[in-house]
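Summary of the model geometry
Here's the letter readout for the chains.
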Amino acid sequence: MKFPASVLASVFLFVAETTAALSLSSTYRSGGDRMWQALTLLFSLLPCALVQLTLLFVHRDLSRDRPLVLLLHLLQLGPLFRCFEVFCIYFQSGNNEEPYVSITKKRQMPKNGLSEEIEKEVGQAEGKLITHRSAFSRASVIQAFLGSAPQLTLQLYISVMQQDVTVGRSLLMTISLLSIVYGALRCNILAIKIKYDEYEVKVKPLAYVCIFLWRSFEIATRVVVLVLFTSVLKTWVVVIILINFFSFFLYPWILFWCSGSPFPENIEKALSRVGTTIVLCFLTLLYTGINMFCWSAVQLKIDSPDLISKSHNWYQLLVYYMIRFIENAILLLLWYLFKTDIYMYVCAPLLVLQLLIGYCTAILFMLVFYQFFHPCKKLFSSSVSEGFQRWLRCFCWACRKQKPCEPIGKEDLQSSRDRDETPSSSKTSPEPGQFLNAEDLCSA
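Residues numbered from 1 in each chain as written. Predicted model: local features only at pLDDT ≥ 70, side-chain atom pairs only at ≥ 80, totals over all residues. Heavy atoms only, no water.

- The name recorded for the protein chain in an unreviewed UniProt entry is XK-related protein, from Gorilla gorilla gorilla.
- Among the UniProt annotations of the protein chain, the heading Sequence similarities (unreviewed entry) holds the following wording: "Belongs to the XK family." (UniProt positions renumbered as here; feature names shortened; annotations may be inferred.)

See below:
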């Protein structure tokens, strides 16, 4: 049985970020910054409430008679209680022999083109731990992109406008960045396990390192670009946010309406149609929040029973990063044109170059992950290197197709010049064999 390290990491980030945010809000209150205090508390307490609801929903505690658990969640102590419960299950699992076990069947990764199916016994204690890990993984994603991401953006914006970075603010920004990166990492792992549910997935440590570097560069550069643009064009950033929000929020629903599929009713038996709609809207909101800061790694599919598309679409991945890179470049260009005196001692061209290189570095680590460290790379129909080779061949073929056109044009020009320079006698007295009859003319 695996040690529940992911649960411990989720609880640590949750407690550390909440404590740092409450401490910093008290500092803003003592300094008279009521607006910064209100926003800091909002981006701290809202994800806390959503995390409590997520844990209750996954464990189905609302339909069970557990008043103490409900009280602890109301007091925002639900994650601590769940963590204590997880470690109690973990340490007591080896002492008692379980009379009831369930058997799960998983397929191993193909070796030499062959894939074997193996059976594994899962006891009640291990099943409970799996449920807890799943619940905390989803809670970490919610905390990261509905709380930590706007919190990091806010605190970095305050630091830029005040031209000062306090200890409390730097601590909160560091924890928030770690929380976002960890949430993105859990999102990647969740996507892999959902898409390849029938396989036994084992993620290697180097894969975790590669994902961590990929997400760190991607999220850090994205947040810095948004903060720089907001500091000089506060009104237009609302337009950018609304365009991003409605694009990602409406995209899954448009696909659902175009598919003509019936409304999904099998999400949770206890939910009514209104409750199902609320859950789907919340999932779409979470999907939108993830894609506003980084690639979500999963595609929301409302007409699917799992609500997740299990097909890996390289085209959507390519389009997302191309559009995001162009958007970041445009926002940096506008910041460079309209920057104010607060950036007097900043080398603007160097900063723009560093941010663009940082985003390209994130893309590089992503390609390295999919090429070398993806746990299910053997199941891909084509790898990253093969796709790049195909693109290179198409590019070379297009270049070769254009090159022969140039000498043909030169020969035609030279032949026309030669005809112009020929004497008039040759034009008026051609040889008999040079004339075209009617059949030749029609065939021409």
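Back to the text.
1. As for the UniProt feature "transmembrane region" (unreviewed entry) in the protein chain
- In the numbering used here, UniProt assigns the feature "transmembrane region" (unreviewed entry) to residues 35-58, 167-185, 206-229, 235-258, 270-298, 318-338 and 350-373.
- For residues 167-185, helix accounts for 100% and strand for 0%, while the C-alpha atoms at its two ends are 27 Å apart.
- Secondary structure content for residues 318-338 is 100% helix and 0% strand, while the C-alpha to C-alpha distance between its ends is 30 Å. (Helix = DSSP H or I, 4+ residues; strand = E, 2+ residues; numbered from the N terminus.)

2. What to know about the nonpolar core
- Formed by 50 residues in total, the largest nonpolar core has its most connected members in Val141, Phe145, Ile219, Val223, Ile290, Phe293 and Trp335.
- Mapping this core onto the domain boundaries places at least three of its residues in each of domain 1 (1-107 + 117-201) and domain 2 (214-394).
- Not counting residues within four places of it along the chain, the set of residues in contact with tryptophan 335 comprises Leu228, Ser231, Val232, Tyr343, Ala348, Leu351 and Val352.
- Core analysis: the next-biggest nonpolar cluster, separate from the first, contains 30 residues, Tyr196, Val201, Ala297 and Phe369 among them. (Core = buried A, V, L, I, M, F, W, Y, C linked by side-chain atoms within 4.5 Å. Buried < 20%, exposed > 50% of the residue type's maximum accessible area, 1.4 Å probe, protein only. Domains from an automatic or database assignment. Contact = heavy atoms within 4.5 Å.)

3. Concerning the UniProt feature "signal peptide" (unreviewed entry) in the protein chain
- UniProt annotation of "signal peptide" (unreviewed entry) refers to residues 1-20 when read in the numbering used here.
- Secondary structure content for residues 1-20 is 80% helix and 0% strand, while the C-alpha to C-alpha distance between its ends is 34 Å.

4. Concerning the pattern of salt bridges
- Overall, the coordinates contain 4 salt bridges when judged by the stated rule.
- Between arginine 82 and glutamate 85 there is a salt bridge, and its shortest N-O distance comes to 3.9 Å. Residue arginine 82 and its partner glutamate 85 are both found in helix H4 (residues 78-92); the two are separated by 3 residues, about one turn of the helix. The same class applies to arginine 82 and to glutamate 85, which are both buried.
- The salt bridge partner of glutamate 327 is arginine 222, with a shortest N-O separation of 3.4 Å. One end of the pair, glutamate 327, is in helix H10 (residues 314-338); the other, arginine 222, is in helix H7 (residues 205-232), and 105 residues separate them in sequence. Accessibility classification places glutamate 327 together with arginine 222 in one group, the buried group.
- A network of salt bridges, in which partner residues are shared, links Arg222, Arg324 and Glu327. (Salt bridge = Lys/Arg side-chain N within 4 Å of Asp/Glu carboxyl O.)

5. Points about the packing of aromatic side chains
- For the structure on display, the rule yields 20 aromatic pairs.
- Taking the centre distance of 6.1 Å and the plane angle of 35° together, the rings of tryptophan 214 and phenylalanine 369 count as tilted. Placement of tryptophan 214 in helix H7 and of phenylalanine 369 in helix H11 (residues 348-373) is noted, with a sequence separation of 155 residues between them.
- With relative accessibility at 0%, the residue tryptophan 214 sits in the buried group.
- What makes phenylalanine 369 buried here is its relative accessible area of 1%.
- Centroid distance tryptophan 335 to tyrosine 343: 5.1 Å. Interplanar angle 85°. Geometry classified as edge-to-face. (Phe/Tyr/Trp six-rings, centres within 6.5 Å; stacked < 30°, edge-to-face > 60°.)

6. Some details on the environment of leucine 80
- Its place among the elements puts leucine 80 in helix H4.
- Residue class for leucine 80 comes out partly exposed when judged on its relative accessible area of 43%.
- Sequence separation between leucine 80 and valine 15 is 65 residues, and the spatial gap between their C-alpha atoms is 8.6 Å.
- Aside from chain neighbours lying at most four places away, what touches leucine 80 is Val11 and Val15.

7. Description of H11
- Taking 1.5 Å per residue, 26 residues should reach 38 Å; H11 reaches 36 Å between its end C-alpha atoms and fits that length.
- For H11, the full list of buried residues reads Ala348, Val352, Leu355, Gly358, Tyr359, Ala362, Ile363, Met366, Phe369 and Tyr370. (Expected span 1.5 Å × (residues − 1).)

8. Looking at the environment of leucine 364
- Along the chain, leucine 364 turns up in helix H11.
- Its relative accessible area of 51% is what places leucine 364 among the exposed residues.
- Distance in space between the C-alpha atoms of leucine 364 and tryptophan 214 is 7.7 Å, their sequence separation being 150 residues.

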